[in-house]
Amino acid sequence: MAGMATPYLTLAAILFCIGLYGALSKKNAIIVLLSIELMLNAVNINLVAFSKFGVHPSLTGQIFSLFNITVAAAEAAVGIAILIALYRNKGTTDVNEMDSLKR
């Protein structure tokens, strides 16, 4: 059974690595947020794959995946709101410019 999950786990690992690269190397804050979302989607693929192809298949992975999607949506909404506020104050989306709490 574990051999059937290998393509899903490989896809999730590739997506996670792409997201990690984007989150660590890009300077645009919107790209960083999108990369974090990509990493969360890779985790969702892992949860569903382990839930379906695991030792004891159940719906637990799908339920955790739904919670993860909910948290990711809230994280994106709060992150975009913070970015809009920072853009209005600083005039840039460069993460290197967003290092202080002072105006």
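Look up a bit, the structure's there.
Read on for an overview of the structure. Because the structure is predicted, anything quoted here is derived from the model rather than measured.

### Notes on the overall build of the protein
A tally of regular secondary structure across the protein gives three helices and zero strands. When its helices and strands are written in sequence order, the protein yields α-α-α. The C-alpha atoms of the protein give 17 Å as radius of gyration, which overshoots the globular expectation for 103 residues (13 Å, by more than 25%). Expressed along its principal axes, the backbone C-alpha trace of the protein runs to roughly 55 × 25 × 15 Å. For the protein, the share of sequence-separated contacts (at least 6 apart) that also reach a separation of at least 24 residues comes to 55%. Working note: accessible area of the protein is about 7200 Å², and carbon and sulfur atoms make up 72% of it. Computed over 7 positive and 5 negative side-chain charges, the separation of the two mean positions in the protein equals 2 Å.

### What about the side chain of Ser65?
Tracing the sequence through the fold places Ser65 in helix H3 (residues 60–90). For Ser65, the contacting residues outside a window of four places in its chain are Asn44, Leu47 and Val48.

### What to know about the packing of aromatic side chains
One pass over the structure, following the stated rule, counts one aromatic pair. An angle of 25° between the planes, with centres 5.6 Å apart, marks the rings of Tyr8 and Phe53 as stacked. Within this pair, whereas Tyr8 is found in helix H1 (residues 2–25), its partner Phe53 is found in helix H2 (residues 29–53), the two being separated by 45 residues in sequence. The ring of Phe53 has Lys52 lying over it, and the distance from NZ or CZ to the ring centre is 5.9 Å.

Each value, and the rule that gives it
- Residues numbered from 1 in each chain as written.
- Predicted model: local features only at pLDDT ≥ 70, side-chain atom pairs only at ≥ 80, totals over all residues.
- Heavy atoms only, no water.
- Helix = DSSP H or I, 4+ residues; strand = E, 2+ residues; numbered from the N terminus.
- Rg over C-alpha atoms; globule rule 2.2 N^0.38 Å.
- Contact = heavy atoms within 4.5 Å.
- Areas by Shrake-Rupley, 256 points an atom, 1.4 Å probe, with all protein chains shown as cover.
- Lys, Arg positive; Asp, Glu negative; His and termini not counted.
- Charge placed at Lys NZ, Arg CZ, Asp CG, Glu CD.
- Phe/Tyr/Trp six-rings, centres within 6.5 Å; stacked < 30°, edge-to-face > 60°.
- Lys NZ or Arg CZ within 6 Å of the ring centre and 35° of its normal.

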